[in-house]
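Observations on chain architecture
Read off the chains here:
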Amino acid sequence: MKKEYLLTPGPTPLPPQISLAMARPIIHHRTPQFQEILKEVNLGLKWVFQTTNDVFIISSSGTGAMEAAVVNLLSCGDTALVVQGGKFGERWTEICNSYGIKAEIIDVEWGKAIDPELIKKKLAANPAIKAVFTTLCETSTGVDTDIAAIGKIIKETPAVLVVDAISGLGAVDIKTDIWGIDMVVSGSQKGLMLPPGLGFISVSPKAWKLVESSKTGRYYLDLRKAKKALDKNDTPFTSSITLIIALNEAIKMMQKDGLEYIFNRHKTMADATRAAMKALGLELFAPTAASNGVTAVKVPAGIDGEKLVKTMRDTYGVTIAGGQAELKGKIFRIAHMGYIAESDIITGLACLEKVLTQLGYKFNLGAGVKAAEEVFLKAA
Ligand SMILES: *Cc1c(COP(=O)(O)O)cnc(C)c1O
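What comes next concerns the included structure. (Residues numbered from 1 in each chain as written. Predicted model: local features only at pLDDT ≥ 70, side-chain atom pairs only at ≥ 80, totals over all residues. Heavy atoms only, no water.)

**Considering the overall build of the chain**
If you tally the helices and strands in the chain, you get 13 helices and 14 strands. For 380 residues, the compact-globule estimate of 2.2 N^0.38 gives 21 Å, and the chain sits close to it at 21 Å. Its C-alpha atoms give the chain principal-axis dimensions of about 60 × 55 × 35 Å. Every one of the 380 residues in the chain was classed for burial, and the buried ones make up 58%. Considering only contacts within the chain whose residues lie at least 6 apart along the sequence, 71% involve residues at least 24 apart. Accessible surface computed for the chain: about 16,000 Å², of which carbon and sulfur atoms make up 56%. Side chains of the chain carry 44 positive and 39 negative charges; the gap between the two charge centres is 2 Å. (Helix = DSSP H or I, 4+ residues; strand = E, 2+ residues; numbered from the N terminus. Rg over C-alpha atoms; globule rule 2.2 N^0.38 Å. Buried < 20%, exposed > 50% of the residue type's maximum accessible area, 1.4 Å probe, protein only. Contact = heavy atoms within 4.5 Å. Areas by Shrake-Rupley, 256 points an atom, 1.4 Å probe, with all protein chains shown as cover. Lys, Arg positive; Asp, Glu negative; His and termini not counted. Charge placed at Lys NZ, Arg CZ, Asp CG, Glu CD.)

Here it is as structure tokens:
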């Protein structure tokens, strides 16, 4: 018998009440019954995003919401600034390139966070920059970006700030309005405890001016259509009814806990995971600015990183993530976001220790679990 544990930074496990909500018979979306749900969800999303701005729901994975941000803000020939410190930063550049938008890139060493002053310099040097694209939690490296500091800088300029919070939202704090973020983009399958399939995008009044002036062709992702519908608690096309009903449940669960509790819970799991790695003699990939949503760890010398991940999953049912792109085989990533709890972390760590031992890595068996337990005990 093999029991499955999902410890990846998307998709994340589903709470049973969410699965049950999705098992209910489908209802029609153009009904007062569904509109009532959408009304609750629209308000709930503002709470999750910590904003009074509109938050639009798109039927797509997170990348669809990223593309929606680009096409609604910018036109061919415009210039954007992209902070690129991992695979998801690169995605902003790739989307811009697809639409003929010039992406000026700030390359950040993978595993490090950007110094916000670099953005200030770039903006001062090139006033043509209309939008700055960043990532809250760079899931590929396990780094969190100081969005508060970046927001302060961009507020004083005509440029808009766009943040990919696809994995960050619901795991680490993001104060959309207080930090002055013009667009926050997210997705359903990470911190929000839902299956993949929903994208989200919040839009500030400053960003909305660009939405109205963008000359990029758009149809399904046109936020002007979405706005007309949103004002009537509707969506322009068939809503992802089942997922939106599940989202309503997820937001209610989150509201019961409160955001502060949720962020602290994620921090404790991250602290425990990091303490465990240290006790095992393993090195964090991002020792500074490590995210509370996911921990990236260097595969120790002489150990086959891909085999480690594969054995944990295929033999023992514990799925963690490997490295992406240039980090393939070089790191592994343990997620602690969404519906992942202390007990899952302990199970994951125990399995990691077992497979590391089998692959020949030397350490005190149980040291990682013990270090994590100590963090959990302190927080209890
Ligand atoms: C998962 C993720 C994405 C991609 O989202 P999809 O839902 O796979 O389209 C983009 N950015 C970040 C930071 C992510 O973690």
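Still more to cover.
**Some remarks on empty space enclosed by the protein**
The final tally for this structure, using the stated rule, is four cavities of 30 Å³ or more. Of the pockets and cavities examined, the largest cavity occupies roughly 150 Å³. Considering the residues around the largest cavity, the lining is formed by 16 residues, among which Ile57, Ile58, Ser59, Pro236 and Phe237 are closest to the centre. Contributing elements (two or more residues each) for the lining of the largest cavity: strand E2 (54-59) and helix H8 (223-230). Tallying contributions element by element places E2 first for the lining of the largest cavity, with three residues. Residues of the lining of the largest cavity, tallied by class, amount to 10 nonpolar, five polar and one charged. One number sums up the size of the second largest cavity: a volume of about 100 Å³. Lining the second largest cavity are Val83, Gly85, Gly89, Val108, Lys112, Ala113, Ile114, Thr135, Glu138, Val143 and Thr145. A breakdown of the residues in the lining of the second largest cavity according to their chemical character gives five nonpolar, four polar and two charged. (1 Å grid on protein atoms, 1.4 Å probe; cavity = no way out; pocket = protein on both sides within 12 Å on 5 of 7 lines; lining within 4 Å. Points joined across faces, edges and corners; volume = space filled by probe spheres on them. Nonpolar A, V, L, I, M, F, W, Y, C, P; charged D, E, K, R; others polar.)

**Structural notes on the site of the ligand**
Among the 14 residues in the neighbourhood of the ligand, the closest are listed as Ser61, Thr63, Thr139, Asp164 and Lys190. Between threonine 63 and the ligand, the recorded distance is 2.5 Å, taken from a side-chain N or O atom to an oxygen atom. For the ligand, a nitrogen atom lies 2.6 Å from a polar atom in the side chain of aspartate 164. When the free accessible area of the ligand is taken as 390 Å², the share hidden by the protein chains comes to 89%. At the level of secondary structure, the elements contributing two or more residues to the shell around the ligand comprise helix H3 (62-73) and helix H4 (87-98). In terms of residue count, H3 provides more of the shell around the ligand than any other element does, three residues in total. Split by residue class, the shell around the ligand holds four nonpolar, seven polar and three charged. (Near = heavy atom within 4 Å. Polar contact = N/O pair within 3.5 Å; in protein donor to acceptor, adjacent residues only side chain to side chain.)

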